[in-house]
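Spelled out from the first residue to the last, the chains are:
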Amino acid sequence: MNSMINESSSATTLRDNADVAKVLGRTYSAGFITDIEMTGLPPGLDEGTVRAISAIKGEPEWMTEWRLQAFHHWLTMPQPDWAKVKLDPIDYQAISYYAAPKAKPKSLDEVDPALLETYEKLGVPLHERAALAGVAVDAVFDSVSVGTTFRKQLAEAGVLFCSMSEAIREYPEIVRKYLGSVVPGGDNFFAALNSAVFSDGSFVFIPKGVRCPMELSTYFRINAQNTGQFERTLIVAEEGAHVSYLEGCTAPKRDENQLHAAVVELVALEGAQIKYSTVQNWYPGDENGVGGIYNFVTKRGDCRGDDSKICWTQVETGSAITWKYPSVVLRGDRAVGEFYSVALTHHFQQADTGTKMIHLGKHTKSKIVSKGISAGRSSNSYRGLVKMEKSAEGARNYTQCDSLLIGKKCGAHTFPYMEVKNPTAIVEHEATTSKISDDQMFYCRARGIGEEDAVSMIVDGFCKQVFRELPMEFAVEAKKLLEVSLEGAVG
Amino acid sequence: MNQPVSTPLVESLLEAPLAPSGIAWLDAARQENLAAFAASGLPDTHVEAWKYTALRMLGQRRFVALDMAAPASTVDAASLALPGVDGPRLVFVNGMFRAELSQVGNLPEGLTLQPLSQALAGDAEPLRFSLSRHYREPGDAFARINAARARDGVVLRVAAHVEITRPVHLVFIAAATEMDLAWHARNVIELGEGARLNLVEQHLASGEPTQLATLVSEIEVREGARLQLTVLQNAATSTHLIRHSGLRLQAQAQATLHVLELGGALVRHDLKVELIGDGAQLLTRGVFMPHGRQHIDTQLAIRHQALDTTSDSSWRGVANDRGRGVFRGAIMVAPGADGSDANLSNKNLLLSPSAEIDTKPELEIYADEVKAAHGATVGQLDERSLFYLRSRGIPLAEARALLTAAFCRAVLADLPNEALREHLSTLLVEQLPNT
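Since this is a predicted model, take the numbers as computed values, not measurements.

K.L.:
I would appreciate a short explanation of the overall build of chain A in the present structure.
P.N.:
Of the regular secondary structure elements, chain A holds 13 helices and 24 strands. The proportion of buried residues among the 491 residues of chain A is 55%. Within chain A, contacts between residues separated by at least 24 positions form 83% of all contacts whose residues are at least 6 apart in sequence.

So, in C-alpha cells, the structure goes:
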C-alpha cells in the first residue's frame, strides 16, 4: 500500500516538470490540415441550401423532394437535450453545408497528390497500398468521395460499392427502395438535418447469396474550416449475403467545434449478416477542452429477415462530444443483434453512447458489451435500451457494462433502460464501476513494468472482449489509439 | 418546452382556497408551493422521472378536498394490529388524525410523537425548516401540492442516545366516502444522535375508496443513529397513492428499509436517500407486486456524498395480469465520496402476457475510489428449478407457487422482527396468483 502512495506522489512531481509534461501531453497525430482548393456553399441553411446541394449532386427530383421534406420536418423539431452532455448552443446558420475539392478526380491517378498524402499520413491503405492491405476503400474527403478502389473485383462478385451520390445516379431504384427505410427523414433532430443536407457517404449492396470477397472500408475526414460533415451510409445485404464494413474517422485540429451528424442505415434480409466496425478518432479538442468535433450520429440496423444478424463494434476515442446509439431492430424471427463498444474519454471529452435493441421477432437474441474508460475531467455515459415487445416470444438479451475510472475528476455513468412486455423473454443487465486496482498496479510495477505501460496493459485487458470482435487491422489500430489517448492520464 | 396542461385533476386540486394556519411563514410556503403546482401542472412522460408512468388517465379525474367531503365510515381499531408491532400507534383516516384509534399514552422517555395538526397548534418553530421546503425538480408536482395542502401527518422525534425498544406504528387508512377524495399527509421524523428506532408505516383501506392520496416524509437520521423502517403498502386497488420520502443519513448513521408494495391503483414512491455523513450505511429491500390493472412505480435514488458510505439495495418485482411494475434504482457517487460501496439489484418476474416491467438501474459515478455495481433481470422462473421440484413429485402449479414465493420472500430475510416477518411473508404469499 505504502509503495503505491509513494509511487503516485512521485508521479505528481514528475508531472510538475514542464519538459516531462510535454512528453506526457496527449498528441493528436492526425491533426494536420491539407491545403488544397475547396469549392463550397457559403454558411447558412434554408430551402435554397438544400436545393443547391441537390443540384450540385445532379440528383433526380424525388431525391430533392425527399430532402426538402426532411428539412421542413427538421424546422419543427427542437434540439434534444436529454443526453448527459454539456454543450453551447449550435448556430446552424454558421455552418457551411457543402465543401468539395475543386478539381474533380476522374480516376485515382488524378487525385490531388496533397490529398493522397493526407491519407498516407493517416495510414489509410489507398491506391497500391490498398492492394497490399487487401482493403477496398471509399475515402470521403469532406463531402465528396474521392476515389473508390477495388471496384472491379467487387463488381465481379456482384457487390455494389460506391459513393452515395453515385448510387443515387446509377442505382436509383435500390436507393429509393431502402433510403430512409431504417432511419426515416424525420426520425430525430440530427437525422432530419442529415437527411436534408447530406452530401455523400457510402453505398453498399450485396446481392442474394453473395459473401463479399473482401472487407469494405470508408475513411472519413473533416478538412475544411466551418464545415459540417453529413455523410449518409446505406448498406443492404440481400438474402444470405455477408459483409464486413470498416469505418474510420479523423479531423484536423481546430479551435472551434465542428458538427458531424451522420446517418448509417443497415438492412439485413433473411439469413444475411452485416458486421459494422468503427474506429472513431475525430479531433477531441485540446487538453483545455477547446475545439473538437461534435459527433452526433444516428446508426441503426434492421434485421428484416429471419435468421439475420447485425453486429456493431465501435472504438470511440475521439470527438469533443459523442452522442450515438447504434441500434438493431430485431424484426425477423431468430435474428441476432450484437453491440461491442469501447469508449474512452480524456481531458474535457464527453461521451453519451450505447445502443438500442428492439426485439420484435420470436427467439431473437441480443448481446451488449460496453466498456467505458474515463480519464482527466471527462464524462463517459452508457445509455442503452433493451425492449421486448409483446411479439418477442422467447427473446433473450444479455448486457454487460463496465466502467473504468482513471483520476479523481472524471465521471462514469450507466443508464440502461429495460422494457419487457413478454413473459417468456429474458433480459439480464450487469454493470460495474471501478478504478484500476492498486493490486493490479502493484503486481505490474513489482515486475518492472512502467506505470504507463502497466495502465495500458490493464486497459487493454479490460477492453479485450471488444477488441476480439474487431477485424485484425482495426484491432491493432484501436489498441494504438487507446495508448495514445491515455498518455498523460496516469498520476 | 412543456406548457402546463390544466387537467380536471389539477383544477380540482386547486379549487379549494388555502385555509390560513395563523403561522405567517407556513402560509407563505403553502402559497408558494400551490402557485408552483399551478404553474407546473402534472408532469408528462417527457419528464424523465415520469417516463413510464403516464398521468393522462388520472389527470382526467376529479377529487374533492377533504373538508368538502362527508365524514368517513367507521374503522375498527382492532383490525389495525400487526404482529410484532406493539408500540405506540398513530392513526390517520383520510389524512386526518384519529385519536380514538391511536395509542399515544405513556410514551417512552425521549420519544415525541404527535400529529402535525397538534404540533402546529403548539410551538411550530422547530418544524419551520422542514415545512418551508420547496420542491424544484420537474417531476415533483405531487410533493408541491402536498406541501401546500397537507394539514396533518406525523411529527416524531427521538432524543439523542435514546433507544425506543417497541416498534412505533404509523397507520394511514383510506376510508370510503361518498365523493372521490384527495388527501395529503406530511411526516417529519428525526432521530437524534445515537438514537434507535423501529418504525412501521402501514397503508390500508376501509371499503373501496376511490381516492388520491399524497404522503411526503422527511426523515433525518443523525450521527450514529439507527433506523429500522418497514413499509407495508396495502391500499385499496381503487386508491391512487403517491409518496415522496426523503431520508438523510449523517455520519455513522444506519438505516434499514423494507418496503412491500402490494395494493393501490396507481402507486408511485419517490425514495431519495442522501448519505451525507462519513460511514453512513443504508440497506434497502423491497418487493412490488402489481396485478389486475395496478401500476406500481418505485423511484429509488441513493446519493453517496461522504467518505466510506455503503448502500446495498435489492428489489424484486412480480407482475401479473395486466399489472405494470416500474423501477428506477439510481446510485450517485458525488465527487470526493471515496470509499463508497454501492450495490443494487432488481430482479423481476413476468407472469402474464399482458403484464409489463420497465426497469432502469443507473450509476452516476464521480469519484474513483469506489465500488459500484448494479444488476437487473426480467424473466420467468428458472426451468431447471421447476424441473427439480417436479422430478420430486411436486405438481407444476405447486412448484411454481413455491418458487415465486421464495423469490419474493428473499427481500424479507434481513428483517429482524420475527413476528412481523412471518406476517408479511404470509401477506406476500396470499398476493401471489394460484398458478
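K.L.:
Help me understand the confidence of the model for chain A in this model?
P.N.:
It should be kept in mind that the predicted coordinates are not to be read in detail where pLDDT is low. Residue and element names in this part refer to chain A. Looking at chain A, pLDDT values average 81 and 77% of them are 70 or higher. Long-range and interchain partners of residues 1-26, a stretch whose pLDDT sits below 50, account for 25 contacts in this model, where long-range means more than four residues apart. Ignoring residues within four places in sequence, the model shows residues 126-134, a span with pLDDT below 50, making 18 contacts including any to other chains.

K.L.:
Just to check I follow, could you spell out the nonpolar core for this structure?
P.N.:
The nonpolar side chains of a soluble globular protein tend to be buried, and buried together. One finds A:Ala237, A:Val243, B:Ile173, B:Leu249 and B:Val333 to be the most contacted residues of the largest nonpolar core, which totals 240 residues. Residues lining this core come from more than one domain, with at least three contributed by each of domain 1 (8-277) and domain 2 (383-435) of chain B. If we ignore the near neighbours within four places in the chain, the residues touching A:Val243 are A:Val204, A:Ile206, A:Cys212, A:Leu216, A:Ile235, A:Ala237 and A:Ile274.

K.L.:
How should I be thinking about unusual backbone geometry in this particular structure?
P.N.:
Among all residues except glycine, the phi angle is most often negative; among peptide bonds, the trans geometry is most common. All names here are of chain B. Located in the positive-phi region is Asn 106, a residue other than glycine, with phi close to 50°. Relative to the helices and strands, Asn 106 is located in the loop between strand E3 (96-97) and strand E4 (111-115). Phi is positive for His 161, close to 60°, though the residue is something other than glycine. For His 161, the location among the structural elements is in the loop between strand E5 (154-158) and strand E6 (168-175).

K.L.:
Is there a simple way to explain the interface of chain A and chain B in this structure?
P.N.:
When the parts come together, some accessible area is lost, and that loss is often what is quoted as the size of the interface. With 31 residues of chain A in contact, the opposing surface of chain B contributes 32 residues. Secondary structure elements with two or more residues in the side of chain A that touches chain B: strand E22 (396-406), strand E23 (411-420) and strand E24 (426-435) of chain A. For the side of chain A that touches chain B, the residue count by class is 13 nonpolar, eleven polar and seven charged. Relative to strand E19 (residues 356-365) of chain B, E23(A) runs antiparallel, the two being bridged by six bridges.

Calculation criteria
- Residues numbered from 1 in each chain as written.
- Chains lettered and ligands numbered in written order.
- Predicted model: local features only at pLDDT ≥ 70, side-chain atom pairs only at ≥ 80, totals over all residues.
- Helix = DSSP H or I, 4+ residues; strand = E, 2+ residues; numbered from the N terminus.
- Buried ≥ 20, exposed ≤ 12 C-beta atoms within 10 Å, placed from the backbone.
- Contact = placed C-beta atoms within 7 Å.
- pLDDT = per-residue confidence, 0-100.
- Core = buried A, V, L, I, M, F, W, Y, C linked by C-beta atoms within 7 Å.
- Domains from an automatic or database assignment.
- Nonpolar A, V, L, I, M, F, W, Y, C, P; charged D, E, K, R; others polar.
- Pairing = 2+ DSSP bridges.

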